[in-house]
Amino acid sequence: MRHRSKVAKLGREKQKRDAMIRSLVVSLFTHHSIKTTVEKAKRARLLAERAISLSKRGDLHSRRLTGSLLGDEKTVKHLWDEIVPVYKDRDGGYTRILRLGQRKGDGANLCMLELVDIEKVMRRKPKEE
């Protein structure tokens, strides 16, 4: 029986869906905002919030868990060095979804998924260089 196990399948098999969501989160951490559909953004938001919360712990085990979630060591380094220090005093709500309307071709609902307090992350980067 499928009681209370509804998952947005996004027209893909599980492995392909997980890979797509993982790549969306890597793009979010790299570019600090992405434009995608609302359904994909809701799924990517869960993984992004989990990765930031894990990274805030600061130990080796959480770094390895974050690496296994994202699958990209360069992104994990960027997350730990530049993004997590901005959110050290914040308990949650690291991302926001801004709705943009419908896509012209197929009418899909589009949105912008971005990191909250992105200005602080962007200001940090030039100072370190």
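See the structure shown above.
Bear in mind that the values here come from a model prediction, so they are computed numbers and not experimental data.

A separate point is the pairing of strand β3 (residues 109-115). Burial within β3 is extensive, with five of its seven residues counted as buried. With five bridges connecting them, strand β1 (residues 33-37) and β3 associate as antiparallel partners. Paired with T36 across the two strands is C111, which belongs to β3. In terms of strand pairing, strand β2 (residues 95-102) meets β3 through seven bridges, oriented antiparallel. Along β3, the bridge assignment pairs G101 with L110.

What follows covers the nonpolar core. One finds V25, F29, I52, L70, L79, Y87 and L115 to be the most contacted residues of the largest nonpolar core, which totals 31 residues. Sorting the residues of this core by element identifies α1 (14-31), α2 (38-57), α3 (60-70), α4 (73-83) and β3 as the ones contributing at least two each. The greatest single-element share of this core, amounting to eight residues, is contributed by α2. Other than its neighbours up to four places away in sequence, I52 contacts F29, L79, V84, Y87, Y94 and L115.

For the rest of this paragraph, the subject is α3. Where α3 is concerned, the buried positions are S62, T66, G67, L69 and L70. Considered in projection along α3, the buried side chains sweep an arc of 160° and stay on one side of the axis. The outward face of α3, more than 90 degrees from its buried face, is lined by the exposed residues L60, R64 and S68. Packing partners of the buried residues in α3 comprise α1, α2 and α4. Positive phi appears at G71, one or two residues downstream of α3, with a value of about 75°.

Rules of the game
- Residues numbered from 1 in each chain as written.
- Predicted model: local features only at pLDDT ≥ 70, side-chain atom pairs only at ≥ 80, totals over all residues.
- Heavy atoms only, no water.
- Buried < 20%, exposed > 50% of the residue type's maximum accessible area, 1.4 Å probe, protein only.
- Helix = DSSP H or I, 4+ residues; strand = E, 2+ residues; numbered from the N terminus.
- Pairing = 2+ DSSP bridges.
- Core = buried A, V, L, I, M, F, W, Y, C linked by side-chain atoms within 4.5 Å.
- Contact = heavy atoms within 4.5 Å.
- Arc of directions from axis to C-beta.

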